[in-house]
Amino acid sequence: MQQKLFAFDVDGTLVDNKKNVLDSTKKAIKSLINKNHVVCLCTGRTPIQTFDIADELGLKHFIIGSGGAVIYNIENEQTTNIAETLDKKDLQLMWDFAKKYKRELGFNNGLKFWRVYFGEDINKDIDDEKFFRGGTSRNPIYDDIEKAKEALFSEKIIQAAIKLESYKLLDLQKEIKPLLSKDVHHHITSEVYFEISRKNIHKFYAIEKIQKELNILNENTYCFGDSDNDYEMIKFSGNGIAMGNATLKIREIADKIIGDNNNDSIYEFLLEQKLI
């Protein structure tokens, strides 16, 4: 049996809206690992933000983090940045627009993650439940604004994202897009994030590196996702699977659309395809 590669986005895909991995998904992934297949997380989060999920699932191989900008090897605990750092001009724009909208800014260097909030109180400021589905709880811990700003311009930042209400996101995108550098790749993720990284860095770019390292054919690669930052891995992998809750952009290019992230969709698909 040929070894296969399975890459799962986290928020909106591998976890439900309560940020939990379904028991059926755990069962499915355990079966894939027992069959000696390679199972990777492939997320916009930094690898360290997914260590608990990787441990819960018993993963043995890789975590692709920061939207494809970094690969973490679980076996040897080594992190490899495969993206160039963002320009300070673009980082300043992200800072200024997060401050203008009085919302959240997160950024990372592939290892460490910083997060600040420019509003007063998210529980009073935010009236969009989608804001609290992934990455931000009702009682978040934010970094000191001045210390975070120092880190923004002194660290080698490879990814930054503004988080705000889903119905404000297109307005933000329209405003900031013409001002960003031409070498910046930007997209909307999880309905509430406007995210930037250097151009040509995306999740499938990292997946191709793992395919080459492990000599796994693209036709034996299965990628699961729901957000626009999953676009390249859904479009270019041998098997691109969109969740039922995926954006229209993702569903239009997927090889297969399955059920949503709150149901046993991943398990049922893998069972149907006789992969488990």
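Everything that follows concerns the structure shown earlier in this document.
Residues numbered from 1 in each chain as written. Predicted model: local features only at pLDDT ≥ 70, side-chain atom pairs only at ≥ 80, totals over all residues. Heavy atoms only, no water.

Peer 1: Tell me about the sheet that holds strand 1 (residues 5-8), and name the residues and values.
Peer 2: A sheet is described by the order of its strands in space; here eight strands give the open sequence 5-4-3-2-1-11-12-13, paired in mixed fashion. Two strands in the sheet have a free side with no partner beyond their single neighbour: strand 5 (78-81) and strand 13 (256-257). Relative to strand 13, strand 12 (residues 239-242) runs parallel, the two sharing two bridges. Note on strand 13: the bridge partner recorded for alanine 242 is isoleucine 257. The sheet strands contacting helix 7 (residues 203-214) are strand 1, strand 2 (38-42), strand 3 (62-65), strand 4 (70-73) and strand 11 (221-225), and the helix crosses strand 3 at an angle near 155°. (Pairing = 2+ DSSP bridges. Helix = DSSP H or I, 4+ residues; strand = E, 2+ residues; numbered from the N terminus. Contact = heavy atoms within 4.5 Å. Axes fitted to C-alpha atoms, helices over the stretch in contact; angles between N-to-C directions.)

Peer 1: Describe the sheet that holds strand 9 (residues 184-189), with residues and values.
Peer 2: Here we have five strands laid out as an open sheet, ordered 7-6-8-10-9, and antiparallel in their pairing. The sheet is open, and its two borders are formed by strand 7 (113-117) and strand 9, each paired with just one other strand. Across the sheet, the mean angle from the axis of one strand to that of its neighbour is 15°, orientation sign disregarded. Contacts from helix 3 (residues 88-101) reach strand 6 (104-108), strand 7, strand 8 (159-163), strand 9 and strand 10 (193-198), with the element oriented near 15° to strand 8. In this fold helix 5 (residues 145-154) packs onto strand 6 and strand 7, with an angle of close to 135° to the strand it touches most, strand 7.

Peer 1: Can you lay out the nonpolar core for me, pointing to particular residues and giving the numbers?
Peer 2: Nonpolar side chains in soluble globular proteins tend to end up buried together. In terms of nonpolar packing, the biggest core is built from 29 residues, with Phe6, Phe8, Leu41, Leu59, Phe224 and Leu270 touching the most fellow members. Mapped onto this core, the elements with two or more residues apiece are strand 1, helix 1 (23-34), strand 2, helix 2 (51-57), strand 11 and helix 10 (265-272). Not counting residues within four places of it along the chain, the set of residues in contact with leucine 41 comprises Phe8, Val10, Leu14, Thr50, Ile53, Ala54, Leu57, Leu59, Phe62, Ile63 and Ile64. Core analysis: the next-biggest nonpolar cluster, separate from the first, contains 28 residues, Phe97, Ala148, Leu152 and Val184 among them. (Core = buried A, V, L, I, M, F, W, Y, C linked by side-chain atoms within 4.5 Å. Buried < 20%, exposed > 50% of the residue type's maximum accessible area, 1.4 Å probe, protein only.)

Peer 1: I'd love a proper account of helix 10, names of residues and values included.
Peer 2: Along an α-helix, a turn takes 3.6 residues, which lines up residues three or four apart on a common side. Three or more residues of helix 10 are buried, namely Ser265, Ile266, Tyr267, Phe269 and Leu270. Of the surrounding secondary structure, the elements contacted by the buried residues of helix 10 are strand 1, helix 1, strand 11, strand 12 and strand 13. Phi turns positive, to about 60°, at lysine 274, one or two residues after helix 10.

Interpretation note: all reported values are geometric properties and have no functional meaning in isolation.
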